[in-house]
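# Coordinate analysis (summary)
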Amino acid sequence: MTIRPATHTEAVSGNSQRRPAIREKLQGFPPVYFAMVMATGIVSIAEYLQGLTRIAAGLMWLNVVLYVLLWSLLLGRLVAGPKALLRELTDFSLAPSFFTIVAATGVLGREFLIIHVGSAVATALLWIAFPLWAVFIYVIFCAFTVKEEKPSLAGGIHGGWLLAVVATQSLSILVALLALWSPHHGAMLFAALGLWLCGGMLYIWIISLIFYRYTFFKFPPSDLMPPYWINMGAMAISTLAGATLIQNSALAPFLEAMLPFLKGFTVFFWATATWWIPMLVILGFWRHFSKRFPLKYDPLYWGLVFPLGMYSVCTHQLLQVLHLSFLQWLPLAFAWIAIVAWGITFIGLLKQLPRIL
């Protein structure tokens with residue numbers, strides 16, 4: 001049997017068929033995949049703080065590759081179908097996922113500062129994260145406010161809305177850390193304080209609606225998506241932001257004057273994050289074992305890995321600033337839980353790659 005080489009016409013036809021397929025896949029790329037960078041970054045930091053430096057460094061460089069790859073896909077989608085992407089910015093279900101881009105950028109910046117001590121890269125990432133945060137926070141919430149057709153509370157609100165809190169607090173942390181390298185550390189710490197307080201305000205507003213939906217509306221297992229773990233993750237990153245401000249308070253007299261307030265609210269955030277863990281575990285068992293909802297890979301599961309890693313990191317930082325030595329076992333335990341969860345989710349991604357590609 002002889003193999004006939006493809007003619008020029010067939011080659012052109014094949015290329016033209018591949019282009020629509022590539023365009024369709026780009027148009028279907030969800031920004032929520034940046035949660036993978038969030039999860040990988042915070043797990044990397046958690047392992048580094050527990051002395052597993054080689055694992056931490058490997059995850060950090062993998063995260064750099066993932067971050068560049070996801071930005072390439074997002075920009076490709078913007079070129080292939082900008083109108084569809086912009087429509088998602090006003091969609092009650094999809095718009096909050098855009099905050100994963102900001103949070104991922106902030107977490108990656110912290111990675112460079114903690115593991116690689118790269119303030120120049122972290123500063124560049126801050127210049128990416130802050131404008132995106134400003135655009136998303138006001139475009140999304142203003143669009144929700146003025147939109148004429150709106151879903152019901154039960155159909156519109158979900159745990160992913162708390163990504164706005166996570167994005168805000170990730171920015172607060174990055175600004176507070178970079179203040180150590182800046183001659184304008186007072187102004188930067190004041191900005192970090194403002195962002196921390198705004199994040200706390202957003203959490204109180206949003207979690208009130210989420211908790212109301214939990215309690216007074218029908219809640220089928222399909223609605224308990226992995227992003228509901230952001231209920232805990234948003235409080236964990238708020239704890240980390242508060243602990244970072246406490247740690248840097250010697251650089252700013254106004255922070256020293258507020259230390260009792262900072263410490264009280266930081267412990268309040270940590271206690272709330274801790275309260276959520278048994279609640280979410282119980283609901284997870286109810287979903288998968290009692291109601292037998294299938295457990296399979298979904299990009300949303302990165303929104304479960306991130307809170308586990310963040311709880312380890314925030315608890316470690318809290319112990320440092322408040323000298324709570326009796327809780328030293330807790331960040332280590334959650335660092336191992338987070339790396340196992342990350343590994344399982346990453347294996348699930350690898351198995352799905354042939355379908356995605």
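Everything quoted here is computed from the prediction, not taken from an experiment. (Residues numbered from 1 in each chain as written. Predicted model: local features only at pLDDT ≥ 70, side-chain atom pairs only at ≥ 80, totals over all residues. Heavy atoms only, no water.)

In this structure, Ser-97 sits in the loop between helix H4 (82–88) and helix H5 (99–116). With relative accessibility at 14%, the residue Ser-97 sits in the buried group. Here Ser-97 is in contact with Pro-31, Val-32 and Leu-163, once residues within four sequence places are set aside. (Helix = DSSP H or I, 4+ residues; strand = E, 2+ residues; numbered from the N terminus. Buried < 20%, exposed > 50% of the residue type's maximum accessible area, 1.4 Å probe, protein only. Contact = heavy atoms within 4.5 Å.)

Summarising the model, the protein chain shows a mean pLDDT of 88, and 91% of its residues fall at 70 or more. Mean pLDDT in the protein chain bottoms out at helix H1 (residues 8–27), which sits at 54, and peaks at helix H8 (residues 163–178), which reaches 96. (pLDDT = per-residue confidence, 0-100.)

What follows covers the packing of aromatic side chains. Applying the stated criterion across every chain, the model contains 32 aromatic pairs. On the basis of an interplanar angle of 40 degrees and a centroid distance of 4.9 Å, the ring pair of Phe-261 and Phe-265 is categorised as tilted. Within this pair, Phe-261 and its partner Phe-265 are both found in helix H12 (residues 259–290), separated by 4 residues, close to a single helical turn. Through pairs of rings, three or more aromatic residues link up here, namely Phe-92, Phe-98, Phe-99, Phe-136, Phe-141, Phe-144 and Trp-161. (Phe/Tyr/Trp six-rings, centres within 6.5 Å; stacked < 30°, edge-to-face > 60°.)

The next point concerns the environment of Ala-338. Mapped onto the secondary structure, Ala-338 falls in helix H14 (residues 329–356). By relative accessible area, Ala-338 is classed as buried at 0%. Ala-338 has contacts with Val-43, Val-305, Leu-308 and Gly-309, leaving out every residue within four places of it along the chain.

Our next topic: the nonpolar core. Counting residues in hydrophobic clusters, the biggest one holds 120 residues, and the most contacted among them are Phe-136, Leu-162, Met-232, Leu-245, Trp-302, Phe-306 and Tyr-311. Among the elements that line this core, the one with the most residues is helix H13 (residues 302–322), at 13 residues. Discounting chain neighbours no more than four positions away, the residues touching Trp-302 are Ala-35, Met-36, Ala-39, Tyr-297, Trp-342, Thr-345, Phe-346 and Leu-349. (Core = buried A, V, L, I, M, F, W, Y, C linked by side-chain atoms within 4.5 Å.)

Although it is not a glycine, His-323 adopts a positive phi angle of roughly 60 degrees. With respect to the helices and strands, the residue His-323 is situated in the loop between H13 and H14.

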